[in-house]
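Reading the structure
Spelled out from the first residue to the last, the chains are:
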Amino acid sequence: MNINIASREELLTVPGINAWLVDSLISYRNTMGPYSSIWHLVFTGSWDFAIVLVFSPFLTCT
């Protein structure tokens, strides 16, 4: 799922993801603009490298 265009509802369908992570992803995206890599999710303050690694099979960034 593309983290730059997915809606909150779409992101919540990713297995294991929770509303807190999704909300931080979207808040950062709305404030700072599109992500250039899924690894930039760590800049949200809510995601760390381990969390990104867990969800990396489900997330894309284009």
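Look a little higher up for the structure.
In this section: the overall build of the protein chain. Looking only at helices and strands, one finds three helices and zero strands in the protein chain. Written out in order from the N terminus, the α and β elements of the protein chain read α-α-α. A globule of 62 residues ought to have a C-alpha radius of gyration of about 11 Å, and the protein chain, at 10 Å, matches this closely. By principal-axis analysis of the C-alpha atoms, the protein chain measures approximately 25 × 25 × 20 Å. In the protein chain, buried positions account for 39% of the 62 residues. Total accessible area on the protein chain is roughly 3600 Å²; 63% of this is exposed by carbon and sulfur atoms.

Okay, the nonpolar core next. If you look at the biggest cluster of nonpolar residues, it comprises 17 residues, and the most contacted ones within it are I3, L25, L41, W47 and L59. Where this core is concerned, the elements lending two or more residues are helix 2 (19–32) and helix 3 (49–55). With residues up to four places along the chain from it excluded, the contact list for W47 reads I17, L21, S24, L25, L41, V42, V52, F55 and L59.

To continue, consider the side chain of N2. Looking at the element boundaries, N2 is found in the segment before helix 1 (8–11). N2 sits in the buried class, given a relative accessible area of 14%. At 2.7 Å, the side chain of N2 and the side chain of T62 are in polar contact. Once residues lying within four places of it in the same chain are set aside, the contact partners of N2 are T60, C61 and T62.

A grouping of W39, F49 and L53 is seen on the molecular surface, where their side chains present a nonpolar patch of about 340 Å² in accessible area. Secondary-structure assignment places F49 in helix 3.

The rules behind the values
- Residues numbered from 1 in each chain as written.
- Predicted model: local features only at pLDDT ≥ 70, side-chain atom pairs only at ≥ 80, totals over all residues.
- Heavy atoms only, no water.
- Helix = DSSP H or I, 4+ residues; strand = E, 2+ residues; numbered from the N terminus.
- Rg over C-alpha atoms; globule rule 2.2 N^0.38 Å.
- Buried < 20%, exposed > 50% of the residue type's maximum accessible area, 1.4 Å probe, protein only.
- Areas by Shrake-Rupley, 256 points an atom, 1.4 Å probe, with all protein chains shown as cover.
- Core = buried A, V, L, I, M, F, W, Y, C linked by side-chain atoms within 4.5 Å.
- Contact = heavy atoms within 4.5 Å.
- Polar contact = N/O pair within 3.5 Å; in protein donor to acceptor, adjacent residues only side chain to side chain.
- Patch = residues over 30% accessible without salt bridge, like charges linked within 9 Å, V, L, I, M, F, W, Y side chains within 5 Å.
- Salt bridge = Lys/Arg side-chain N within 4 Å of Asp/Glu carboxyl O.

It is worth stressing that arrangement in space is one thing and function is another; only the former is reported here.
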